[in-house]
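Examining the three-dimensional arrangement
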Amino acid sequence: MIERPEWTDYFMDFARLAEKRSTCLRRRVGAVIVKDKMVLATGYNGAPKGVSHCEVEGCLRARMKVPSGQRHELCRGLHAEQNAIIQAAYHGVSIKGSTMYCTFRPCVICVKMIINAGIKEVYFEGHYEDSLTQSIADEAKLKLICVGQAQDDSESGGEA
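Residues numbered from 1 in each chain as written. Predicted model: local features only at pLDDT ≥ 70, side-chain atom pairs only at ≥ 80, totals over all residues. Heavy atoms only, no water.

Another point: the overall build of the protein. Scanning the protein for helices and strands turns up 7 helices and 5 strands. Counting from the amino terminus, helix and strand elements in the protein follow one another as α-β-β-α-α-α-β-α-β-α-β-α. Scaling as 2.2 N^0.38, a compact globule of 160 residues should have a C-alpha radius of gyration of about 15 Å, and the protein matches this with 15 Å. Considering only C-alpha atoms, the protein reaches an extent of 50 × 35 × 35 Å along its principal axes. Pairs at least 24 residues apart make up 58% of the contacts formed inside the protein by residues separated by at least 6 positions. When the accessible surface of the protein is totalled, it reaches about 9,100 Å², and 52% of it is carbon and sulfur. Here the protein holds 21 positive side-chain charges and 20 negative ones, and the gap between their average locations is 6 Å. (Helix = DSSP H or I, 4+ residues; strand = E, 2+ residues; numbered from the N terminus. Rg over C-alpha atoms; globule rule 2.2 N^0.38 Å. Contact = heavy atoms within 4.5 Å. Areas by Shrake-Rupley, 256 points an atom, 1.4 Å probe, with all protein chains shown as cover. Lys, Arg positive; Asp, Glu negative; His and termini not counted. Charge placed at Lys NZ, Arg CZ, Asp CG, Glu CD.)

What follows deals with the sheet that holds strand β1 (residues 30–35). Spatially, 5 strands are ordered β2-β1-β3-β4-β5 in an open sheet, and the strand pairing comes out mixed. Unpaired on one side and paired on the other, β2 (38–44) and β5 (143–146) mark the two borders of the sheet. The sheet shows a mean angle of 20° between the axes of neighbouring strands, taken without regard to direction. The strands that helix α1 (residues 7–19) touches are β1, β2, β3 (99–104) and β4 (121–126); relative to β3, the one it contacts most, it runs at about 55°. (Pairing = 2+ DSSP bridges. Axes fitted to C-alpha atoms, helices over the stretch in contact; angles between N-to-C directions.)

Before going further, it helps to examine the pattern of salt bridges. If charged atoms from side chains of opposite charge come close, those side chains can pair. According to the stated counting rule, one finds 2 salt bridges in the structure shown. A salt bridge links D13 to R16; the nearest nitrogen and oxygen atoms lie 2.3 Å apart. Of this pair, D13 and R16 are both found in helix α1, 3 residues apart, which corresponds to roughly one turn of the helix. Note that R16 is salt-bridged to E125, the shortest N-O span being 2.5 Å. Pair noted here: R16 is in helix α1 and E125 is in strand β4, with a separation of 109 residues, a long-range link. (Salt bridge = Lys/Arg side-chain N within 4 Å of Asp/Glu carboxyl O.)

Glancing now at the pairing of β1. Every regular strand shows the same layout, with side chains that alternate between the two sheet faces. With 5 of 6 residues buried, β1 is to be regarded as a mostly interior element. Examined bridge by bridge, β1 and β2 share 6 bridges and lie antiparallel to one another. Across the sheet, A31 pairs through a bridge with G43, a residue of β2. In this antiparallel pair of consecutive strands, β1 and β2, the connection spans 2 residues, and D36 shows a positive phi of 55°. Summarising the sheet, β1 and β3 pair through 4 bridges and their orientation is antiparallel. (Buried < 20%, exposed > 50% of the residue type's maximum accessible area, 1.4 Å probe, protein only.)

Turning next to unusual backbone geometry. In this structure, D36 takes a positive phi of about 55° despite not being glycine. Tracing the chain through its elements places D36 in the loop between β1 and β2. Phi is positive for K141, which is not a glycine, with a value near 65°. With respect to the helices and strands, the residue K141 is situated in the loop between α6 (131–140) and β5. Classification of K141 as exposed rests on a relative accessible area of 68%.

Let us look at the environment of R61. Looking at where R61 falls in the secondary structure, it is placed in helix α3 (residues 60–63). Separated by 41 residues in the primary sequence, R61 and K20 have C-alpha atoms spaced 21 Å apart.

Now the structure itself:
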């Protein structure tokens, strides 16, 4: 008998693959948006098109010793979740009612975008603690479902 992964494992593998494209020096993250068991868009964290990546320019937040989860505006990169949502929009793909799979729990900025994009649930592996993330997700009825090992921010090197 052929062994086949469960759907959650299958789509988390896509997110892990997307993560490998990340150019972030602090935390590599991948995301995939799925609907009706079909991949609609993928994303990883990194600089916008045509902009030098952090591996070239260095990490401003690291140089300034900015703690994880603070001063996102100082980062030259976009988060994986943001890039996946943007990729879908760029190609005119509706993600309303879809599911997102991420290698880390989304930050509060991404959760707000996920909610407004119409994504109904997010499966994630690594933890990125942010009490406001959970509060907003709960209020909007967005399901955040941990499927992997919990990981502390300090173990992962921070967040982009």
